[in-house]
Amino acid sequence: MIIEKLLDEKNLTESEKQIAHYLLEKSHYINQLTCEELGKVSFTSQSSVSRLCKKLGFITFREFLTSLMIERNEYFKTLNFTTPLTSHLYSSYEDTQTTISSLYFETMINTNLLLDKNKVIRICNRIMSASSIHVYGIGSSNTIAQQMAFHLQSLGLNCSYQNGFNIDYIDKLDIKNNVSILISLTPFNKSMIRIAEILSNHHTYTVSITSKDDNSLVEICSDSLVFSTNKDHEVNPIDKVFASEYIIDLIYALILSRNVS
């Protein structure tokens, strides 16, 4: 989450860009730096570093650096990874196996970088305290939504799967103290956006699980968990499914651990 913001230079000032470049340079050892020292080595200032920390939602520099170090280690792993060219994807069994394994690894790391720990925990808390949970999926998201509903049902939660086609039925659902989870593997899915709007009008707590490129659902829903996708159109469907399943499994495992403890 921090790395993503540091890489998004259009939202950074020139001084902040210099700080970001220094922090994201692999050869730089930053774990022992103070706020003042980072200002000096990045040729900015201590006040510029402090403003960047606050801009990213941190109260202290040490809190910011500790969180960054965790993400930074994961980020550098992705830099060592190169997705084989699509033309080589199916050249042999071994090449295909290596490609898929590497793709899963890269997708998991990049999705972890996009996940906010506090947000994930907040969503789990809302799911656990909800009187009912509805999971929505349309088209390619259909199977993923059914899978999540089954996971939550296995934990003893009152959860149902909705394919989203009957808008009138959705509009009449009893959604007091309800959590509605909308899974979309396809950005800007009009049917899913319409469902999200109806649920929002009913003041329902909604969570979208979608790609980081789908701003439409993110803007409507109460909370969103976004995943990374590969730009290669031939492997993109594979990593979208894996990334969404990874998020679902994470939620399942967190709630399961609470039940066990």
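The structure under discussion appears in the preceding block.
Parameters at a glance
- Residues numbered from 1 in each chain as written.
- Predicted model: local features only at pLDDT ≥ 70, side-chain atom pairs only at ≥ 80, totals over all residues.
- Heavy atoms only, no water.
- Buried < 20%, exposed > 50% of the residue type's maximum accessible area, 1.4 Å probe, protein only.
- Helix = DSSP H or I, 4+ residues; strand = E, 2+ residues; numbered from the N terminus.
- Arc of directions from axis to C-beta.
- Phe/Tyr/Trp six-rings, centres within 6.5 Å; stacked < 30°, edge-to-face > 60°.

Engineer: Honestly, helix H4 (residues 46–55) in this entry has me stumped. Any pointers?
Structural biologist: Since the α-helix packs 3.6 residues into each turn, any two residues three or four apart lie on the same face. Every buried residue belonging to H4 is among Ser 48, Val 49, Leu 52 and Cys 53, and all of these are buried. One face of H4 carries all of its buried residues, which in axial projection span an arc of 140 degrees. When the buried face of H4 is taken as reference, the exposed residues oriented beyond 90 degrees from it are Arg 51 and Lys 54. Positioned one or two residues after H4, Gly 57 has a phi angle of 95 degrees, which is positive.

Engineer: Even after reading the chapter, I still don't get the packing of aromatic side chains, so can you show me in this structure?
Structural biologist: Each pair of aromatic rings is reported with the distance of its centres and the angle of its planes. For the structure shown, the criterion picks out four aromatic pairs. Centroid distance Phe 58 to Phe 64: 5.6 Å. Interplanar angle 70 degrees. Geometry classified as edge-to-face. Grouping residues by exposure puts Phe 58 and Phe 64 together as buried. For the pair Phe 61 and Phe 64, a centre-to-centre distance of 6.3 Å together with 45 degrees between the ring planes defines the contact as tilted. Pair noted here: Phe 61 and Phe 64 are both in helix H5 (residues 61–79), with a separation of three residues, about one helical turn. In this structure, Phe 61 and Phe 64 share a single accessibility class: buried. An aromatic cluster is present here, built from Phe 58, Phe 61 and Phe 64 joined pairwise through their rings.

Shape is all these values report; function is a separate question.
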